[in-house]
Amino acid sequence: MAERWNETSCNAPAADVANFRAAGPSSNQSPRKITSIAQIGFSSYGVSGTSATSNTYVSPVTHFEPVQRFEPEVERIAKHIQSIWATWKQSKVLTDTLSSFFKSSPDPYTSLLQLINIISEDRLKGKASSMAHTITEEFYKWIKYNESEYEHVLTEELKIQAFKMVLEKKISPNTINTIVKIFKCNTRLDCMEELIRESIKQKRFKEACYASMSLNIQDRFTVEDFLLPLFFMNLVCVTEEFLVTTKFQQTALVKYLDDLLVENDDCLYFLANRLNVTQSNNNFSNKSQIKTNLTRIMKKYNIPNDLAPNVTRQKKKGALVYLFRRYQSGATGIHAWREMALESIGNDETMMLEVVKMLEHFGDIQECIYFAQLFAIDPLLLPPTIQQELLFCENASAGIDLSIPTEEYNTTEYHDLSLPDKQIHIIDCASKFNEFLDKINIELFDAHLDVFGLDCEWKPELTSDKSDLASIQLATIDSIYIFHLPQLQPAESFKLHWQEFSMNIFSNINILKLGFEWKGDASMIRSSLPIDNIQLHGPGFIDIKLLWKELETKWNFQLPFQSPNEDITYNSLSDLVKLCFGRPLNKTEQFSNWEKIPLRSNQIKYAALDAYCLLEVYNLFKTKCETSNIPFDEVCQKISNNDHPDMMKPKPKHKKHKYKVPKTNIKSKSPHTHVSCVKHFKLLVPYTLEKLAERLRKCGIDTSIVERSRINDSHYIVNSIKTNNLHFIAFGHAFSKVAEQLHAGQCYCVQNHNLDDQVQEVLNFFKIVVKKEDLNSRCQICNSDSYEIVSSLVMKQIYDSVKIIQNQRAVRYRPPSIDENYEDDNFYGDEDDSDEGTSAPINAKCLTNNSSIPEEPHSKLISGYTNGNSMIDVKPLSADMFNDQNRIFYICNSCGSVRWDNLQWESALGSSLGMKFK
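Predicted, not measured: the structure shown is a model, and the values here were computed from it.

So, on to the overall build of the chain. When helices and strands are counted, the chain shows 32 helices and 16 strands. Looking at the 918 residues of the chain, the share that counts as buried comes to 51%. Element-wise, carbon and sulfur atoms account for 48% of the exposed surface of the chain, whose accessible area totals about 45200 Å².

On to the side chain of His 415, then. By the element assignment, His 415 lies in the loop between helix H18 (384-395) and strand E1 (424-427). Taking the relative accessible area as the measure of exposure, His 415 reaches 12% and is therefore buried. Here the side chain of His 415 touches Glu 616 through a polar contact of 2.9 Å, side chain to side chain. Once residues within four sequence positions are removed from consideration, His 415 is found in contact with Val 577, Phe 581, Arg 583, Pro 584, Leu 585, Leu 609 and Glu 616.

Another aspect to go through is helix H5 (residues 156-168). The end-to-end C-alpha distance of H5, which contains 13 residues, comes to 18 Å, matching closely the 18 Å that a straight helix rising 1.5 Å per residue would cover. Within H5, 11 of the 13 residues are buried, leaving the element largely enclosed by the surrounding structure. Listing the buried residues of H5 in full gives Glu 157, Leu 158, Lys 159, Ile 160, Gln 161, Ala 162, Phe 163, Lys 164, Met 165, Val 166 and Leu 167. The secondary structure elements touched by the buried residues of H5 are helix H3 (108-118), helix H6 (173-182), helix H7 (189-201) and helix H8 (205-215).

Quick look at the sheet that holds strand E9 (residues 702-705) now. On the basis of which strands lie adjacent, the open sheet formed by four strands has the order E9-E8-E10-E11 and parallel pairing. This sheet does not close on itself; its edge strands, each paired only once, are E9 and strand E11 (747-749). Direction aside, neighbouring strands of the sheet carry axes that sit 25° apart on average. In this sheet, strand E10 (residues 727-730) lies alongside strand E8 (residues 682-685) in parallel orientation, the contact comprising two bridges. The partner of Leu 684 across the bridge, within E10, is Phe 728. The strands touched by helix H26 (residues 690-698) are E8, E9 and E10; relative to E9, the strand with the most contacts, the crossing angle is about 160°.

Here we take up the pattern of salt bridges. Any two side chains of opposite charge can pair if their charged atoms end up close together. Here the structure, examined in full by the defined rule, presents 29 salt bridges. Between Lys 432 and Asp 428 there is a salt bridge; the shortest N-O distance is 3.4 Å. Linking Lys 796 and Asp 800 is a salt bridge whose minimum nitrogen-to-oxygen distance equals 3.2 Å. Note that Lys 796 and Asp 800 are positioned in helix H30 (residues 792-808) at a spacing of four residues, about one turn of the helix. A residue is classified by how much of its surface remains accessible, and Lys 796, at 39% relative accessible area, is partly exposed.

Another point: the pairing of strand E2 (residues 451-458). Taken across its eight residues, E2 has seven buried, putting it largely inside the fold. Judged from the three bridges that link them, E2 and strand E5 (residues 512-515) form a sheet pairing that is parallel. Following the sheet pairing, Val 451 is matched in E5 by Leu 512. Examined bridge by bridge, E2 and strand E3 (residues 469-475) share six bridges and lie antiparallel to one another. Each residue of the ladder has a partner; that of Cys 456, found in E3, is Ile 472.

What follows covers unusual backbone geometry. In this model, Gln 489 is joined to Pro 490 through a cis peptide bond whose omega is -5°. Along the polypeptide, Pro 490 turns up in the loop between strand E4 (480-484) and helix H20 (495-506). Of note in this structure, Lys 89 is not a glycine but carries a positive phi near 55°. Of note, Asn 302 is a non-glycine position whose phi angle comes to about 55°, a positive value. Tracing the backbone through its elements, the reader meets Asn 302 in the loop between helix H13 (287-300) and helix H14 (309-329).

This part takes up the packing of H14 against helix H15 (residues 334-345). Remark: H14 packs on H15, axes separated minimally by 10 Å, with the N-to-C direction vectors making an angle of 175°. Taken together, the axis directions place H14 and H15 in an arrangement best described as roughly antiparallel. Of H15, the residues touching H14 (which contributes Lys 316, Leu 320, Leu 323, Phe 324 and Tyr 327) are Ile 334, Trp 337, Met 340, Ala 341, Ser 344 and Ile 345. For the contact of H14 with H15, the per-class residue count stands at nine nonpolar, one polar and one charged.

Relative to the assigned elements, Arg 778 resides in the loop between strand E12 (768-769) and strand E13 (787-791). From its side chain, Arg 778 meets the backbone oxygen of Asn 783 in a polar contact 2.6 Å long. Those residues in contact with Arg 778, other than ones at most four positions away along the chain, are Arg 697, Gly 700, Ile 701, Asp 702, Asn 783, Ser 784, Asp 785 and Tyr 787.

A few words on the packing of aromatic side chains. For the structure shown, the criterion picks out 40 aromatic pairs. For the ring pair Phe 221 and Phe 226, a centre distance of 5.5 Å and an interplane angle of 50° mean the geometry is tilted. The burial state of Phe 221 is the same as that of Phe 226; both residues are buried. Joined through ring pairs, the aromatic side chains of Phe 433, Phe 436, Tyr 481, Phe 483, Phe 494, Trp 498, Phe 501 and Phe 506 make up one cluster. Geometry around Tyr 370 places Arg 338 over its ring, the cationic atom sitting 3.6 Å from the centre. Geometry around Phe 541 places Lys 513 over its ring, the cationic atom sitting 4.7 Å from the centre.

Spatially, the six strands line up as an open sheet ordered E1-E4-E3-E2-E5-E6, and their pairing is mixed. At either end of the open sheet lies a strand with only one pairing partner, and these are E1 and strand E6 (541-543). The sheet shows a mean angle of 25° between the axes of neighbouring strands, taken without regard to direction. Across four bridges, the pairing between E1 and E4 is parallel. Residue pairing in the sheet places Ile 426 in a bridge with Ile 482 of E4.

Cut-off values and rules
- Residues numbered from 1 in each chain as written.
- Predicted model: local features only at pLDDT ≥ 70, side-chain atom pairs only at ≥ 80, totals over all residues.
- Heavy atoms only, no water.
- Helix = DSSP H or I, 4+ residues; strand = E, 2+ residues; numbered from the N terminus.
- Buried < 20%, exposed > 50% of the residue type's maximum accessible area, 1.4 Å probe, protein only.
- Areas by Shrake-Rupley, 256 points an atom, 1.4 Å probe, with all protein chains shown as cover.
- Polar contact = N/O pair within 3.5 Å; in protein donor to acceptor, adjacent residues only side chain to side chain.
- Contact = heavy atoms within 4.5 Å.
- Expected span 1.5 Å × (residues − 1).
- Pairing = 2+ DSSP bridges.
- Axes fitted to C-alpha atoms, helices over the stretch in contact; angles between N-to-C directions.
- Salt bridge = Lys/Arg side-chain N within 4 Å of Asp/Glu carboxyl O.
- Parallel < 35°, antiparallel > 145°, perpendicular 65-115°, else oblique.
- Nonpolar A, V, L, I, M, F, W, Y, C, P; charged D, E, K, R; others polar.
- Phe/Tyr/Trp six-rings, centres within 6.5 Å; stacked < 30°, edge-to-face > 60°.
- Lys NZ or Arg CZ within 6 Å of the ring centre and 35° of its normal.

What follows is the structure in structure tokens.
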């Protein structure tokens, strides 16, 4: 029998329920008085005054008449529990109080529902420690030991009543799960499903979602039942909780959203109207946001691309645009571009035609024809211009030249590998791997090797598919080894090889392993090699990037080709190599197919140099530290032992310029006493101060630049200065070597890092006065002061002529405007459209004073060449610039660069020099 509850049965701190007792049946009660706890009803979820022992079947959607008031004693115990909660939260006092209350009730299940209905203020937060959740958890613990005694009161009707409360009250998911377990709602799944569908009709989508999860019947519902409504209602967090529990719904949602991508742009509007849902999510209102959400879901739940062909195709389009832009700019070689284009296209015939149209749109006719013939596309499906080109080739019986075109206009000098090709070894089979291990074991035993350069390569991840490690490059001072993993397969067959490799190299703390941004490479090695517990950090490993940062910030370390007017960002290995040796790395093979069998020769050289240059940089660091009395070994040990170096800490905001220029013995006081104009001075600056040279030219000062190859030749520099009566501007060691051979006042060492401050320093030191007419009187590119001035009308004719010449020569060019269908913000950023370099020169030979220009003087310009026989560079121009009939263009006779009037910039430059124009 149920025990009688009283306050003295537990150590409750409150005394507001002194006379509380369980209500029992009485024949003397009036008809309106509730006679038992089992007869208590709830206004919102329909617990009626039916007998506790009733087994009559009740339809799950039957409406129960609400009872407007609760048993007074139950209300008092609810207040008593709230008082305990306010003081003690979840405690033994609360547990004992609830246990006594449940024991005293003839129907504890109904008493629990009544109690939860009264105590509802914490349910909105959904915290596991809330009062409602604590009560249900305490009841669940209590009923497990008393279930058989109260089994007769848990009727089908009561199960339905409990589940209706779950759907109609805002209860936390944890509390819902506990209630479902207490009332065994999973024994009537069909009835509960009907209740959930009724709740969906009433737009209780969140409650329906949680209820389906508690019963584990998520797969009985479609995407449109509550997943999409939750997206529209901006309850994405609820959908995430739901999706993580069911792979079936993940796949269904991905397929559904992917199908929406090929619908009309207003498909979401009509979908929301059909589902009768108000759109309140600004992140789910157009097709672009569908793609964003779809990509996030696929990545989070590792959904394969073949289940979402439409979004995969769009990603491939964006990837192709990104690859082509890199190829067009010279950042990627033609071999790499074609390899990765074919890799992205695969066997998708739609993409084959799409890439041909894209290339035609970008104006690369040669590549367009190449892919059209390669894919054997029906000419009738091709754009008209390509059809004509193919027809012309056929009529000429010339065929299509599938050879690789030569790289054009790429005059950049790159850092080269100093080792001969025969010292590069490709490890692509077991026999070569064995030979490598034998050789390394001997050299390690003889202590011939103490430093290695390590680097890794893998195929670019252009879609959500994750790439595998493709190669590991290991460089010694006289040899480079490239382990090509696609050929060392199956991986388990080489497990013993990799274990010996790891023991001899990775785990050997006596060998120093050099990497650059090593964390990413180490992660790929761990996930790809068939061995466990690889040691890839700590003693024996140095990240050159972190070492670079440490030396720069803590020891004022100055690299040979480093300019003081640029803040070092420590971004790429190519930047570091350029600062060390004067030439960057050639990265045209970076975005190539590293899983290709066999690797091309250019890929092999690229991979080899990436590893070997780490040794070169390390040795340069070591040499310069020795000459500068920097404890190099101690710094390396700090970097090697520190898993969280200072490099990873955020940059202090108050330190704008953190690098110091090496001190010199030259006093800052100027020996110049007389003021001079810009025409009286000719300056010479090293290549590292190229930006300063451009700014001085904008001031009208004749400024020459020392070539990169001559920057360390002090004899050549001094001879040039004396022969041409120049004044030298430099910093650091380059300045010191030259200054000692010149008289005071003929050279100056810049002290500031800011470009404007440097210009002001130079002007103040040499007492140079810049007038308004001096500004922009020289070409910032070639230092010439000879210009031709033309109107917009003539410039448009020149622009059109140059474009025709370029098309005839099959020169790759980028159109002035790009259709938004081929743009993808995930793959490339905005280009620099700064107007700083477009300022017009003031002093120039003007050929005309009005827009009516005689045809004769400009005949050569209209042919595309200047009077100095340089081709006119129209790349900075766009067709819409000629709409302004009053705009004047300035063409440099020496280099062919084009400038145009920009009075705003001219005033800004003058202001920075302390001048004011009227």
